Structures are given as structure tokens and as C-alpha cells.
Amino acid sequence: MKTKNICDLARTIRSKNAGSFMITLEIIFADRGIYEKVKNSGAVTRHAIADAYGLPEEKILDFMFFDPGMGIKANLQRNSPSGGPGETDVYGCQQYAPLFALEIPWEE
Amino acid sequence: MRKVSLLVSTGNLGDNIIEKGTFYEGVKRDIDCFGADAGTADAGPTFLGSDMPHNPIEWERHDLEITLIEARKKKVPMIVGSCSTTGTDRGVNLYADIIRSVAKERKMEPFKMALIYSQVPVNTIRERVRKGESEPLGASFPLTDEVLDNTTNVTASMGIEQFVHALEQGADVIIAGRACDDAVLASYPIFRGFDRGVSLHMGKAAECASLVCWPQKVKESIIATVHDDHFTIEPMHPDQQATPHSVAAHSMYERTNPFVQALPGGILDMHASKYEAQTDRICKVSGSLFVPSPDGSYKVKLEGAGEAGHRVYHLVGIRDDRAIACLDQILADTRKKVSEIIGPERDDQYELFFHPYGKNAIMRENEPVEITRSHEVAIVIEVISKDIELATSVAKCAKFRFFYMSYPGQMNSSGGSVALITDEPLFPKNKCYQWTVDHLITLKDPLDPEIFRFTFETVSGV
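A. Layout of the overall build of chain B. Tallying secondary structure elements over chain B gives 13 helices and 20 strands in all. Reported as C-alpha extents along the three principal axes, the dimensions of chain B are approximately 80 × 50 × 50 Å. Burial status across chain B gives 51% buried among its 462 residues. Sequence separation of at least 24 residues holds for 76% of the intrachain contacts in chain B that already meet a minimum separation of 6.

Below, the structure is given as C-alpha cells:
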């Protein structure tokens, strides 16, 4: 089956602190048709996101589709709280790149 | 139809300056209140722990000055929350001094200023914890004596009730300590009798000013207007649009859940929120509900930070790709050797971290890429210890051991394995702090005088 990469379908892919102990990952679409197609493809799941990070599924704390914002959201527990000893990303804003690996089954 | 309009010009007062063009465009409209949030925990625990300002004072003064001048011209309230990033008493006092000085310089007519302090002494928290009035929020651990002994500063995040109290006392300007972002903006319409759900969702949507609009721009003004059963967002920048999509998407920003937002006394429920285009650049939102806590409890978030120790860095670079190929082994060998030289009996007196930029410094355990394609890497050596001499020795020892590392396939001779940008260890201006408190505390009274303290004064420049 043909696939399309998530970067060719989404408008925004980002990460950010959601409090000092959690990082939130977001994929936001600009077009409702594309968003619905990605949502219905079943290719973006808690399991698929865990896989992209090479993490066990239970590390992805929440996973949800947010229809009004045409967005997909997942939360990751931080390995250590923001800004403390040995911590690596105070704002949590450079934790999204593995999501670029998501491939969505796509027939035109 | 009655309504209340707020001009919101910054999502974080003072972390850079408000753009004047759209601010004065907004000022031309009927504005009932100027609101600004100045806080964030995103900058990390250092600023709360050390009670140090995050922003240059001149930027904070710039924003406070232009806002105060226009608010006083229109004779409408100006509300600022989470002063100086962390909302400590120092922050409230700093902003209050700026307000007094601008009023004097501008020879302003008298007005009433309320200060709401929300920094809480650690011992007050300790007593409340002993009475069983606290529970973990973001943190996974309870507030033990040990955690509180290691905490230097704590703030409580106020909700609607504290701002409304100040407004009821006739405050024209409110300068507040740590506050929920949405409450800073929602409190005025709620004080005026508008619906809590509508007002709170407005506060949440508008708290980052122009970031709620597309294309995204920062520090541009927007107007948020609350009506009886909906609110609207309108950008003042001609190139921006507030669309149902941009406003809805902002509900996701920096939150774990775009459907529900907790605040003192209840939750904002956005499951039934409806986002519609009023025009091509004004978005209308309705259907958001405030749901009071089922048990009637009033829980306030506490933020606290404390010292972890002195922090010392050393920075070493590697260009030798044969060494980069063996990086994991080199890091493990270096760590082992440092422990041996410093003495295993002192292992628990310091923490040693390697941040290998070019490999997995940013995502560490979560990094799925196992083999770096970079032809050079930098390793930031970070050492934390209560003893600065020990921290320095450990940093120097790690640097030395990288300098003399050995690995399979090595071509260089001993003493030339890393490039140094300087052979000095690097000492940040501040110690290392860590978040120690991210908990809820239950209050019997939202105006609990041990948690929130109010002062009222007349400020006059004449």
C-alpha cells in the first residue's frame, strides 16, 4: 500500500512542556479532510507513537484526537523534571522529531 | 447586548516588549480592561529557587508603562498576574514600584492599587501538609519534611476569587503574585457578572495574546470580548486571523488535555465548546462550562523549588570519527575512571552527567537514533554537588580522562583526544535548582490570609 509521510500531511508538529513534569506532543492539520483521513487510517495510535520513540507503550500517558483543533495529542512523562540536575530540554520543545517517522497509508 | 472587552497584548509580560502598532490600534477601541499574564514555570526552577528575575527590567517596565498610561486614560482596570515570571513577593514589589514610579513621572491622578501576594513560607506549607491538606499534582512524590527542607521558595497560584476580591474593594490596578493564566483575564468579566465558563475559556484562549491567531505572531495585541453566552477573539494585526481552527488548536497548547482545564474550585469543561467564524478574522466560541468541584473543595496549586547544589560544566569536543564510533564505551570508561580517582566512597556526594551533543544529548533515553551520523560531537560535562570544590575536581577529572581516553582503533597518541574551547571549567552565575513542589493544597477559604495577602494603596502622581 502507498503511504504518505506525516510531514507532508500535517501543518505543525511540536512538543512543549505541559507543566514541569510532562511533555506534550502535538500534530496539527490545516485541512479537515486530511485530518479525518489520518484519524480514520488508524496509523496514528498510542502504539505507533511509542514505536516511533522506541519506548514501551505505557510511557505514552495520554493519547487523543481533538477534532475542533484538528489535532492529535500525546503526553510523555519527563525522565526528570524540567531544568533540574542533568536535565536536557528546559522547555521540552525539541522532543517531537521522532514523530516525523509516522507513515500514513494513503490512496489518492 | 452587554459585553466586556479586554485588550491582551502579551502572553508573558516582559520576556520581550509589546509591539506598539497593534497595541495602539487596540487602544482606539472600547476597552473595558487591560490584562496581562507575566508568568511561566517553563523557564525552569532556577528563577523561583533563587528568586531571580528572568527578564530585563527595562522590558517589564516598557510593558507596564504603556499599559498603565492607557488604562488610566480610559479609567478602566489593569490586571497583571504572576509578576516577574515566578510571582514571588519580590516580583510583586518590583512591579508595584514600577507602577508607582510611572504614576509619579506621568503626574497621574490618584488611583487605587491592590497588591496580592501569594508566596507562602515553607513552614506554613509544612503545617498544612501535617494536617493532611496537600496532595501531589505534577510531582509523583509526597511533600515530606526532607523535600520541604530542600525547598527555598513556594508560591500558590491564585484563581478567580482573589482577583474578584480586589476588584470588589475598588482596585483600579491589580498587581498579583503567582496566578492561573486564565484567571488573570477571566476575573474581570466574572466580577462584572458574566458566565464563569465563557469567561474562563476566553482567559485560556487569550492568555498568549496573538499566538492564538494565524499566521502566528508574537507580542501583537488581540481583543477578547465576553458576551452572555459566548466570547470572541479578534486580532489587531491586519495580517492575522482568529479562526475556529486557530483558537481551538490553541486550547491544546502547553496543556495535557484540550477538553478539561482544572483551576481552584472546579474545572473548565470544553467538551461541548463550539468554535465558529463570526467573520473571516473573528472567532466566536460558545458552550464552555465551569463545573464546580463535586465535593465543594477549593484546591490551589503550589510551585516550589530548591537548591540541588553547585553546578560546574566542562566542555569537550571530538572530531575523530573513530572515537565517535566508540562514544558509548568512552563515556562509560570515563565515568568509571572518575569514580576510581575521586574515590568510590564519595560517589554519593556528587552527580555527574554527560550531555553528548551530536548523539543523544537532547532526548537521551527517548532518542530512537542509535548511531550518530555526525562527524563531530561535543560533550557537556555537568557536575552537581553541595561542595563546589568537589564539583570542580570531578569536572576537571572527567575532562582529563576524556583527554587521555583510549578506544579500539585509536590513531592519535595519548593527550590529544578532545578539543577544548577553553581549559577552564565553566561556572554558571547561579547554583543548580530543581522543582521540589508541584502539589495541590486544599483551602477552607479562598482568601485564606496565610496563603494570599492583600494590600491596598492610593497611588498618585499629583
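B. A look at the environment of Thr24 of chain A. Structurally, the position occupied by Thr24 of chain A is in strand S3 (residues 22-28). Here the alpha-carbon distance between Thr24 of chain A and Ile60 of chain A, two residues 36 residues apart in the chain, equals 9.8 Å. When near neighbours in sequence (up to four residues on either side) are disregarded, Thr24 of chain A contacts Ser15, Lys16, Ala18, Lys73 and Asn75 of chain A together with Arg255 and Thr256 of chain B.

C. Looking closely at the interface of chain B and chain A. The interface is formed by 37 residues belonging to chain B together with 36 residues belonging to chain A. Secondary-structure elements contributing two or more residues to the side of chain B that touches chain A are helix H10 (244-250), strand S16 (350-357), strand S17 (377-385) and strand S19 (432-443) of chain B. Ranked by the residues each element gives to the side of chain B that touches chain A, the list is headed by S19 of chain B, at four residues. Residue classes in the side of chain B that touches chain A are distributed as 18 nonpolar, eleven polar and eight charged.

D. Fine view of the sheet that holds strand S5 (residues 71-77) of chain A. Residue and element names in this part refer to chain A. The strand order across the open sheet built from four strands is S2-S3-S5-S4, with neighbouring strands paired in antiparallel fashion. A strand with exactly one partner marks an edge of an open sheet, and here the two such strands are strand S2 (12-17) and strand S4 (60-66). Averaged over all pairs of adjacent strands, the angle between their axes in this sheet comes to 15 degrees, without regard to strand direction. Looking at chain direction, S3 and S5 are connected through seven bridges and run antiparallel. Paired with Ile27 across the bridge in S5 is Ile72.

E. Quick peek at the packing of helix H7 (residues 160-168) of chain B against helix H8 (residues 181-191) of chain B. Residues and elements named next belong to chain B. Contact pair H7 / H8: the axes reach a minimum separation of 9 Å and the direction vectors enclose 50 degrees. Taken together, the axes of H7 and H8 are oblique relative to one another. Here H7 runs over H8; the crossing is right-handed. Taken together, the residues of H8 that come into contact with H7 (itself represented by Ile160, Phe163, Val164 and Leu167) are Ala183, Ala186, Ser187, Tyr188, Ile190 and Phe191. Across the contact of H7 with H8, the residue classes break down as nine nonpolar, one polar and no charged.

F. Representation of the sheet that holds strand S10 (residues 260-263) of chain B. Residue and element names in this part refer to chain B. Judged by pairing direction, the sheet is antiparallel, and its three strands sit side by side in the order S10-S11-S14 without closing on themselves. Whereas interior strands pair on both sides, the edge strands pair on one side only; in this sheet they are S10 and strand S14 (289-292). Neighbour-to-neighbour, the strand axes of this sheet turn through a mean angle of 25 degrees, independent of strand direction. The pairing of strand S11 (residues 266-269) with S14 spans four bridges and is classified as antiparallel. Considered in S14, the bridge of Ile267 is made with Val291.

G. Spatial organisation of the packing of H8 of chain B against helix H9 (residues 196-206) of chain B. All names here are of chain B. Close contact between H8 and H9 brings their axes to 7 Å; oriented N to C, the two are set at 145 degrees. Like other packed secondary-structure pairs, H8 and H9 cross with a definite hand, here right-handed. Each of Asp182, Ala183, Val184, Leu185, Ala186, Pro189 and Ile190 in H8 lies in contact with H9, whose residues at this interface are Arg196, Ser199, Leu200, Met202, Gly203, Lys204 and Ala206. Residues of the contact of H8 with H9, tallied by class, amount to nine nonpolar, two polar and three charged.

H. Summary view of the nonpolar core. All names here are of chain B. If you look at the biggest cluster of nonpolar residues, it comprises 123 residues, and the most contacted ones within it are Val80, Ile99, Ile174, Ile175, Ala206 and Ala224. A total of eight residues in this core trace back to one element, the largest contributor, which is helix H4 (residues 89-105). Ignoring any residue separated from it by four or fewer positions in sequence, one finds Ala224 in contact with Leu6, Val8, Leu185, Met202, Ala205, Ala206, Phe231 and Ile233. Judged by nonpolar contacts, the second largest core, of 33 residues, contains Leu48, Ala305, Ile384 and Val394.

Thresholds applied
- Residues numbered from 1 in each chain as written.
- Chains lettered and ligands numbered in written order.
- Predicted model: local features only at pLDDT ≥ 70, side-chain atom pairs only at ≥ 80, totals over all residues.
- Helix = DSSP H or I, 4+ residues; strand = E, 2+ residues; numbered from the N terminus.
- Buried ≥ 20, exposed ≤ 12 C-beta atoms within 10 Å, placed from the backbone.
- Contact = placed C-beta atoms within 7 Å.
- Nonpolar A, V, L, I, M, F, W, Y, C, P; charged D, E, K, R; others polar.
- Pairing = 2+ DSSP bridges.
- Axes fitted to C-alpha atoms, helices over the stretch in contact; angles between N-to-C directions.
- Parallel < 35°, antiparallel > 145°, perpendicular 65-115°, else oblique.
- Left-handed = near helix turned anticlockwise from the far one by under 90°.
- Core = buried A, V, L, I, M, F, W, Y, C linked by C-beta atoms within 7 Å.

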